[in-house]
Amino acid sequence: MTRQQIMLKFARWHIWLGWLVGLPVLMWTVTGLIMVWHPIEHVRGNHLRAEMPPLQAQTLVMPRVDGPVRNISLQSLPDGPGWIVVDDSGARLRYSPEDGRPYAPVLEEDARAIAVAAYAGGAPLETVTYYPADSAPNDLRTPANSWQARFGDDTNVYIHAQTGEVLAVRSGWWRVFDFMWGLHIMDLDSRKDTSHPILITFAALGVIGSLLGCVLMFRRRKARVQST
């Protein structure tokens, strides 16, 4: 097979691969552009989080915990400092740094106060809704009992129903980013699987098509130079 015939086959493969992977390549480009439109700190809603006051460690009392624990940490939370204890089963509990006693679960009125204290935006609080762990909203992505505080600017603040921790701040732009991410990795279900056969196949075909295009461009350019 002559070089000209080989290049003709390359050209045909390049065209067919272009038709096959053109749409995914365009989708990857568009979704990538949208995802980098704002810094990742903006996407995560850091500008909507109120700054927590520094902790005062002079008179701390260790939590009164029965049984083994995985982790104990002192955190500054919207409604005051607290010990966050992760027990052996993985459950998260909160203890008072003043007397070491456990906190009661967060009630709706507590969730309202925590959400307002944690939110740095200017929109009013509209609704507060409780969600059990097995039916957590899609934009939370954490299997935990939680309160969703929804503000007027389409921001959701999620509060752990046991500890009062702010689990997530989800703005409207975060949801746009999240949808674009699902398209980018071709996983609109869980939006977590970045290594599956469909994505790998299209990515590999895109690479092959690009390499063929580079070879064809180089050969044609070389041929034009020789003909002059």
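Notes on the structure follow. (Residues numbered from 1 in each chain as written. Predicted model: local features only at pLDDT ≥ 70, side-chain atom pairs only at ≥ 80, totals over all residues. Heavy atoms only, no water.)

## What about a nonpolar patch on the surface?
Part 1: Together, Ile15, Trp16 and Trp19 make up an exposed nonpolar region whose accessible area comes to about 480 Å².
Part 2: Positionally, Trp19 belongs in helix α1 (residues 3-35). (Patch = residues over 30% accessible without salt bridge, like charges linked within 9 Å, V, L, I, M, F, W, Y side chains within 5 Å. Areas by Shrake-Rupley, 256 points an atom, 1.4 Å probe, with all protein chains shown as cover. Salt bridge = Lys/Arg side-chain N within 4 Å of Asp/Glu carboxyl O. Helix = DSSP H or I, 4+ residues; strand = E, 2+ residues; numbered from the N terminus.)

## What to know about the packing of aromatic side chains
Part 1: The final tally for this structure, using the stated rule, is 2 aromatic pairs.
Part 2: Arranged with centres 3.9 Å apart and planes meeting at 20 degrees, the rings of Tyr119 and Phe151 form a pair that is stacked. Taken together, the residues Tyr119 in the loop between α3 (108-118) and β4 (125-131) and Phe151 in strand β5 (residues 146-151) connect sequence positions 32 residues apart. Each member of the pair Tyr119 and Phe151 is classed as buried.
Part 3: Residue placement shows Arg94 over the ring face of Tyr103; its charged tip is 4.3 Å from the ring centre. (Phe/Tyr/Trp six-rings, centres within 6.5 Å; stacked < 30°, edge-to-face > 60°. Buried < 20%, exposed > 50% of the residue type's maximum accessible area, 1.4 Å probe, protein only. Lys NZ or Arg CZ within 6 Å of the ring centre and 35° of its normal.)

## Details of the sheet that holds strand β6 (residues 156-160)
Part 1: Spatially, β4-β5-β6-β7 is the arrangement adopted by the 4 strands of the open sheet, whose pairing is antiparallel. The sheet is open, and its two edges are formed by β4 and β7 (166-170), each paired on a single side. The sheet shows a mean angle of 15 degrees between the axes of neighbouring strands, taken without regard to direction.
Part 2: Taken together, the 4 bridges between β6 and β7 define a ladder with antiparallel strand orientation. Within the sheet, the bridge partner assigned to Ile159 lies in β7 and is Val166. (Pairing = 2+ DSSP bridges. Axes fitted to C-alpha atoms, helices over the stretch in contact; angles between N-to-C directions.)

## Thoughts on the sheet that holds strand β1 (residues 69-77)
Part 1: Spatial strand order, β1-β2-β3: 3 strands in an open sheet with antiparallel pairing. Single-partner strands in this sheet number two, and they are β1 and β3 (92-95). Each strand of the sheet is rotated relative to its neighbour by a mean of 25 degrees, with strand direction disregarded.
Part 2: Where strand β2 (residues 80-87) and β3 come together, 4 bridges link them in antiparallel fashion. Residue pairing for β3: Trp83 is matched across the bridge by Tyr95.

## Digging into the pattern of salt bridges
Part 1: Applying the stated criterion to the full structure yields 8 salt bridges.
Part 2: Linking Arg94 and Asp79 is a salt bridge whose minimum nitrogen-to-oxygen distance equals 3.0 Å. Of this pair, Arg94 sits in strand β3 while Asp79 is found in the loop between β1 and β2, placing the two residues 15 residues apart along the sequence.
Part 3: We classify Arg94 as buried; its relative accessible area is 2%.
Part 4: According to the relative accessible area criterion, Asp79 is partly exposed, its value standing at 42%.
Part 5: With its nearest N and O atoms 3.0 Å apart, the salt bridge here joins Arg175 to Asp139. Of the two residues, Arg175 sits in helix α4 (residues 172-184) while Asp139 sits in the loop between β4 and β5, which places them 36 residues apart along the sequence.
Part 6: Within this structure, Asp139, Arg150, Asp154 and Arg175 form a network of salt bridges that share partners.

Keep in mind that these numbers describe shape and distance, not what the molecule does.
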